[in-house]
Amino acid sequence: QVQLVESGGGLVQTGGSLRLSCAASGRTASVSAMGWFRQAPGKEREFVASIGWSGGGIAYAVSVKGRFTISRDNGKNTVYLQMNSLKPEDTAVYYCAALNSGYTEYSAWGQGTQVTVSS
């Protein structure tokens, strides 16, 4: 029902910045929230940040609070994750996900984009 396309990943040095983008298409009227998750090598997927489809209800993981900012464009079709003061421990594949109204689990996922922070 909802398709997600991620972009913006890459290689950056410690202390640098990256902005990830997630473009949503399809039946976006059913989306209640968007989230960013990440998975590092040998580790489980973890929550990073989320935002309501209208722009409210913003939440962050403790590990990224104060450094990352989640936002959406005025057309509500693209969600961004601005990542500042990046650390090597931020290295992971970052995934965008959509939560449909009335559901408790994210049902639509992007293909993932690699973020590598070098020292």
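The preceding data block contains the structure.
Residues numbered from 1 in each chain as written. Predicted model: local features only at pLDDT ≥ 70, side-chain atom pairs only at ≥ 80, totals over all residues. Heavy atoms only, no water.

Some remarks on the sheet that holds strand β8 (residues 78-83)
Overall, antiparallel pairing links the 4 strands, which are arranged β1-β3-β8-β7 in an open sheet. Two strands in the sheet have a free side with no partner beyond their single neighbour: β1 (2-7) and β7 (68-72). Averaged over all pairs of adjacent strands, the angle between strand axes in this sheet comes to 15 degrees, irrespective of strand direction. The sheet contact formed by β1 and strand β3 (residues 18-26) spans 6 bridges and is antiparallel. Paired with Glu6 across the two strands is Cys22, which belongs to β3. (Pairing = 2+ DSSP bridges. Helix = DSSP H or I, 4+ residues; strand = E, 2+ residues; numbered from the N terminus. Axes fitted to C-alpha atoms, helices over the stretch in contact; angles between N-to-C directions.)

Regarding the nonpolar core
Core analysis: the largest hydrophobic core is formed by 30 residues, its most contacted members being Leu4, Met34, Trp36, Leu81, Met83 and Tyr94. Looking at this core, the elements with two or more residues in it are β1, β3, β4 (31-39), β5 (46-52), β7, β8, β9 (92-100) and β11 (113-118). Residues contacting Leu4, with those up to four places away along its chain left out, are Cys22, Ala23, Ala24, Met34, Cys96, Ala97, Ala98, Ala108, Trp109, Gly110 and Gln111. (Core = buried A, V, L, I, M, F, W, Y, C linked by side-chain atoms within 4.5 Å. Buried < 20%, exposed > 50% of the residue type's maximum accessible area, 1.4 Å probe, protein only. Contact = heavy atoms within 4.5 Å.)

Describing the pattern of salt bridges
With the rule as written, the count across this model stands at 3 salt bridges. With a closest N to O distance of 2.7 Å, Arg38 and Glu46 form a salt bridge. A salt bridge links Arg67 to Asp90; the nearest nitrogen and oxygen atoms lie 2.8 Å apart. Note that Arg67 is positioned in the loop between β6 (59-60) and β7 and Asp90 in the loop between β8 and β9, a separation of 23 residues in sequence. Residues Arg67 and Asp90 agree in their burial class; the two are buried. Through salt bridges that share partners, Arg38, Glu46, Arg67 and Asp90 make up one connected network. (Salt bridge = Lys/Arg side-chain N within 4 Å of Asp/Glu carboxyl O.)

Focus: the side chain of Arg67
For Arg67, a relative accessible area of 12% corresponds to the buried category. A distance of 3.0 Å separates a polar side-chain atom of Arg67 from the backbone oxygen of Ser85. Here Arg67 is in contact with Gln82, Met83, Asn84, Ser85, Leu86, Lys87 and Asp90, once residues within four sequence places are set aside. (Polar contact = N/O pair within 3.5 Å; in protein donor to acceptor, adjacent residues only side chain to side chain.)

Everything listed here is a matter of coordinates, which is why it stays silent on function.
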